[in-house]
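Chain by chain, the residues:
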Amino acid sequence: MNAITQYEVDPIVRKKLDFQIEQMEKYWFEKDPFKTRLFDAVCLTFPTGERYFIESVRKFRDQIKNENLKTAVADFIQQEAQHGIAHTKMNDALIAQGLPIEQYADHATQIFAWMTNNLSDRTNLLFTAAFEHMTALMAESFFSEKRTFEYVDPHVRSLLAWHAIEEMEHRDIVFDVMKQVGNVPEWQRKMILPIAIMHMFGFTLYRTNLMLKIDGFSFKKRSLIFYKGLNDVFGQQGMFGKMKRPLFSWMKKDFHPNQHPIIAQYDTWIRVMAETNDPIQAGEAFWRDGK
């Protein structure tokens, strides 16, 4: 389905979800400092990153003619705003651990502000489409196999499960805006993905190192942690390593995000959330239904 007149799942705006994130453990991912701080480094940029995504898409909203896409964009903007709110609460929990998250978030804000002010609207829209492609594939990669998040604090796991669900719901939207009104040349679309990958993982690893240093790990200890952790996470069987092939499907001439299947247990989260109105129970059921 490559049309922009309908979507496999409709974006739903969900507000005031309580993940009790303040209860998360310090090293919430397998009690592993590297994996925890790596994900913390990704998540801390979400509030400012979501604002950048919203602003990048909003500049094209008045040019959209397709009514279904217009509605989808409005829902996308609201979903992204809710992600920013939820991850701000996670940032607050990290601040309570003594980490200078405001400093890191301010740095991220400055980077996105530079992009907004110095790149064309079309390029910022394209970066947003590439980042959305990456985050949707992360959602599928992290939750498709139960063992990946087996030893993760349930509060964080449920927050990430909800975020994954909504990435599935709006993964096509920015790409469709780009294709319909972005006027993006094919060469530029293909070129942007490697840059987006270097941007995301370069700054993520940089901030991971800073947080581990603040946690008290010496340079030698951090070097050993990185050596083992990079292989575990980015190796061929690592959670990011397994994303390589679907990630670079972006380079195909006829690529569209809907060529990748919606995560199999999507309906589980929707059903349990409807039954319980509890995102933690929904997240746990979603995780348990992985392969």
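Before any of the text, the structure's been laid out above.
Summary of the structure given here. (Residues numbered from 1 in each chain as written. Predicted model: local features only at pLDDT ≥ 70, side-chain atom pairs only at ≥ 80, totals over all residues. Heavy atoms only, no water.)

Interaxial distance between helix 3 (residues 67-96) and helix 6 (residues 154-170) falls to 11 Å at its minimum, and their mutual angle equals 165°. Judged by the inter-axis angle, helix 3 sits roughly antiparallel to helix 6. Helix 6 is crossed by helix 3, and the crossing has left-handed handedness. Residues F76, Q79, E80, Q82, H83, A86, H87 and M90 of helix 3 touch helix 6, and the partners they reach there are V156, L159, L160, W162, H163, E166, E167, E169 and H170. Looking at the contact of helix 3 with helix 6 residue by residue, the classes come out as 7 nonpolar, 6 polar and 4 charged. (Axes fitted to C-alpha atoms, helices over the stretch in contact; angles between N-to-C directions. Helix = DSSP H or I, 4+ residues; strand = E, 2+ residues; numbered from the N terminus. Parallel < 35°, antiparallel > 145°, perpendicular 65-115°, else oblique. Left-handed = near helix turned anticlockwise from the far one by under 90°. Contact = heavy atoms within 4.5 Å. Nonpolar A, V, L, I, M, F, W, Y, C, P; charged D, E, K, R; others polar.)

With respect to the helices and strands, Q79 occurs in helix 3. In terms of polar contacts, Q79 uses its side chain to reach the side chain of E169, at 2.8 Å. Discounting residues that sit within four places of it in the chain, Q79 has contacts with P11, I12, V13, R14, E166, E169 and H170. (Polar contact = N/O pair within 3.5 Å; in protein donor to acceptor, adjacent residues only side chain to side chain.)

The next point concerns helix 7 (residues 173-181). Summarising burial for helix 7: 7 of the 9 residues are buried, a large majority. Looking only at helix 7, the buried set comprises I173, V174, F175, D176, V177, M178 and V181. Tucked inside the fold, the buried residues of helix 7 contact helix 2 (46-58), helix 3, helix 5 (121-144), helix 6 and helix 8 (186-214). Note on helix 7: the residue one or two positions beyond its end, N183, has a positive phi of about 55°. (Buried < 20%, exposed > 50% of the residue type's maximum accessible area, 1.4 Å probe, protein only.)

Moving on: the layout of surface pockets. Size it by volume and the largest pocket reaches roughly 330 Å³. Considering the residues around the largest pocket, the lining is formed by 18 residues, among which L137, E140, S141, P246 and H260 are closest to the centre. For the lining of the largest pocket, the element with the most residues is helix 5, which contributes 7 residues. Residue composition of the lining of the largest pocket, by class: 7 nonpolar, 4 polar and 7 charged. Taken as a whole, the second largest pocket encloses approximately 160 Å³ of empty space. Going through the elements one at a time, helix 8 and helix 10 (244-247) are the ones with two or more residues in the lining of the second largest pocket. Residue composition of the lining of the second largest pocket, by class: 7 nonpolar, 1 polar and 1 charged. (1 Å grid on protein atoms, 1.4 Å probe; cavity = no way out; pocket = protein on both sides within 12 Å on 5 of 7 lines; lining within 4 Å. Points joined across faces, edges and corners; volume = space filled by probe spheres on them.)

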